[in-house]
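The chain contents come next:
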Amino acid sequence: TIRGAQVAVGKNGRVHVAWNGSSKAQLRGPLNPDSGRPGEPMLYARLNDAGAAFEPQRNLMKNSFGLDGGGSLAADKAGNVYVTWHGIGTQDATGALQGEARRQVWLAKSNDDGKSFARERKAWQDPTGACGCCGMKAFADRQGNVLAMYRSARESVHRDIYLLRSADRGETFSGKVLHKWDINACPMSSMDFAENERQVFTAWETGGQIYWTGLANKTGGASAPVAVPGEGKGRKHPRLAANKNGELLLVWTEGTGWQRGGSLAWQHYDPSGQPTSIRGKLPGVPVWSFAVPVAHPDGRFTILY
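Residues numbered from 1 in each chain as written. Predicted model: local features only at pLDDT ≥ 70, side-chain atom pairs only at ≥ 80, totals over all residues. Heavy atoms only, no water.

> I keep staring at the pattern of salt bridges and nothing clicks. Help me out?
Side-chain pairs of opposite charge can arise where the charged atoms are in close proximity. Applying the stated criterion to the full structure yields 15 salt bridges. D34 is the salt-bridge partner of R102, the closest N and O atoms lying 2.8 Å from each other. With a gap of 68 residues between them, R102 in the loop between β9 (81-89) and β10 (104-110) and D34 in the loop between β3 (31-32) and β4 (37-38) connect regions that are remote in the sequence. Put simply, E55 and R58 hold a salt bridge, and the shortest N to O gap is 3.8 Å. (Salt bridge = Lys/Arg side-chain N within 4 Å of Asp/Glu carboxyl O. Helix = DSSP H or I, 4+ residues; strand = E, 2+ residues; numbered from the N terminus.)

Dropping the structure here:
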C-alpha cells in the first residue's frame with residue numbers, strides 16, 4: 001500500500017516510474033550503518049524513445065540510506081523529472097538526532113526527461129524528521145511548481161502533515177505545516193494531489209479521518225482543512241480527482257490495515273467545494289490495496305479499485 005510503484009507522464013507523453021526496491025533487488029543502495037548491510041534502493045525507469053519498452057531500472061540513492069516509506073515522483077511538460085523519498089543522509093548517520101528524527105525528504109532531479117539525474121540532495125533543511133513507514137507524494141503543477149507532502153516525526157510524537165513547495169523547478173523549497181497530529185506511532189498513511197485548470201488540491205489522513213484543501217496558485221497558501229462528511233472506522237489512503245467543471249471526487253478506504261482489506265468510500269464535491277449527495281461505500285478492497293478516481297475529459301468520474 002505504501003511502498004508500491006508510482007507513475008508520472010512527462011514531456012511528449014513519456015511514462016516515468018519510480019518505486020521502492022526490495023531487499024532482494026540486484027541494485028543496492030548505500031551502506032546502511034544501522035544494519036551493516038547495503039540498503040534498499042530507490043529505483044527508477046522510463047519508457048524508451050520508441051515508446052516500445054522500458055529502459056533498465058536505475059538506483060537513484062547515492063547520498064542517503066534507510067529507505068522505508070514510499071517514495072514518489074513527478075514530471076512536467078518541460079522535461080523535468082523529480083523523484084523523492086525520505087531517508088537518512090550518509091553524513092548524518094551519527095549525531096545528536098536519532099531514529100526517525102534523522103529522516104528528511106530527498107530529491108533527485110533530471111533536466112533531460114529522465115535520461116540522467118543529479119545526485120540526490122535534501123529538499124528542505126528544517127529537521128522535522130519523517131514518519132518512517134508513511135508514504136509521501138510529489139506533484140508538478142501546470143505552472144511548473146513542484147509540490148511534496150510528507151508526515152513529520154518531531155520528538156517521535158509530532159506526526160504532522162507538511163507541504164513543501166518550489167517555485168524554481170526544484171532548486172529551492174519552502175515548507176509549512178498543513179495539519180498537526182500528535183501520536184507516538186507510525187500510522188502508515190499516504191497522501192495525494194490533483195489539479196484542474198483552476199487550482200491544485202491535496203488530501204491526507206489525520207486521526208483516522210480524511211481531510212482535503214485547495215492551494216493558492218501563486219503562493220501555495222492552503223485553505224483551512226476540510227473533513228469528509230460522516231463517520232467511518234479507520235479512514236485511510238485518500239485519492240483525489242478534479243474535472244474540468246471544478247468538481248472533485250475524493251475516495252478513501254475504511255477498515256484497511258496491516259494484512260487486512262476493507263471498504264471503498266467516496267464523496268463528490270461541487271465547484272464551490274460543498275459535498276453533494278453523490279457519496280457511497282462498497283466492500284471489496286483487497287489487502288495492501290486502495291482506490292483511485294479518474295476524471296474523464298467530458299467531466300465524468302470513474303473509480304478504479
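The discussion continues.
> What is the right way to look at the sheet that holds strand β18 (residues 209-215) in this model?
Strand pairing in a sheet takes place through backbone hydrogen bonds and is either antiparallel or parallel in direction. An order of β16-β17-β18-β19 is seen for the four strands of this open sheet, with the pairing classed as antiparallel. Edge positions in the sheet fall to β16 (192-195) and β19 (226-227), since each of these pairs with one other strand and no more. Pairing of strand β17 (residues 200-206) with β18, which is carried by seven bridges, proceeds in the antiparallel orientation. Note on β18: the bridge partner recorded for T202 is T213. (Pairing = 2+ DSSP bridges.)

> Would you mind showing me how to read the sheet that holds strand β5 (residues 42-46) here?
In space, the four strands of this open sheet follow the order β1-β2-β5-β6, with antiparallel pairing throughout. Either end of the sheet is taken by a strand with one partner, and the two such strands are β1 (6-9) and β6 (58-59). Bridging between β1 and strand β2 (residues 15-20) involves four bridges; their strand directions are antiparallel. By the bridge assignment, Q6 is partnered in β2 with A18.

> Teacher, can you tell me more about a nonpolar patch on the surface here?
A cluster of nonpolar side chains, contributed by W258, V287 and W288, occupies part of the molecular surface with about 340 Å² of accessible area. Overall, the relative accessible area of 57% leaves W258 in the exposed class. (Patch = residues over 30% accessible without salt bridge, like charges linked within 9 Å, V, L, I, M, F, W, Y side chains within 5 Å. Areas by Shrake-Rupley, 256 points an atom, 1.4 Å probe, with all protein chains shown as cover. Buried < 20%, exposed > 50% of the residue type's maximum accessible area, 1.4 Å probe, protein only.)

> How do you make sense of the packing of aromatic side chains when you look at a structure like this?
Geometrically, a pair of aromatic rings is defined through the distance of the ring centres and the angle of the planes. Scanning the entire structure with this criterion turns up eight aromatic pairs. Measuring from ring centre to ring centre gives 4.8 Å for Y44 and F117, while their planes differ by 70°; the resulting arrangement is edge-to-face. Taken together, the positions of Y44 in strand β5 and F117 in the loop between β10 and β11 (121-122) put the pair 73 residues apart, joining distant regions of the chain. The class of Y44 is buried, set by a relative accessible area of 0%. F117 sits in the buried class, given a relative accessible area of 18%. Each ring, one from W124 and one from Y162, has its centre 5.9 Å from the other, and the planes form 50°; the classification is tilted. Of the two residues, W124 sits in the loop between β11 and β12 (137-140) while Y162 sits in strand β14 (residues 161-166), which places them 38 residues apart along the sequence. Y162 shares its class with W124; the two are buried. An aromatic cluster of at least three residues, connected via ring pairs, comprises W124, Y150 and Y162. Across the ring face of F290, the terminal group of R239 is positioned such that the distance to the ring centre comes to 4.3 Å. (Phe/Tyr/Trp six-rings, centres within 6.5 Å; stacked < 30°, edge-to-face > 60°. Lys NZ or Arg CZ within 6 Å of the ring centre and 35° of its normal.)

> Explain the environment of W252 to me, please; I cannot follow it from the model alone.
Position of W252 relative to the elements: it lies in strand β21 (residues 248-254). Since its relative accessible area comes to 3%, W252 is described here as buried. Along the primary structure W252 and V15 are separated by 237 residues, whereas in three dimensions their C-alpha atoms are 26 Å apart. Setting aside anything within four residues of it in sequence, one finds W252 in contact with I210, V228, R235, K236, H237, P238, S263, L264, A265, W266 and Q267. Side chain to side chain, W252 and E254 meet in a polar contact 2.9 Å long. (Contact = heavy atoms within 4.5 Å. Polar contact = N/O pair within 3.5 Å; in protein donor to acceptor, adjacent residues only side chain to side chain.)

> Is there a simple way to think about the side chain of N80 in this case?
Assignment of secondary structure puts N80 in the loop between β8 (72-75) and β9. With a relative accessible area of 8%, N80 lands in the buried category. If near-sequence neighbours (up to four positions away) are discounted, N80 is found in contact with A74, A75, K109, S110, N111 and R169.

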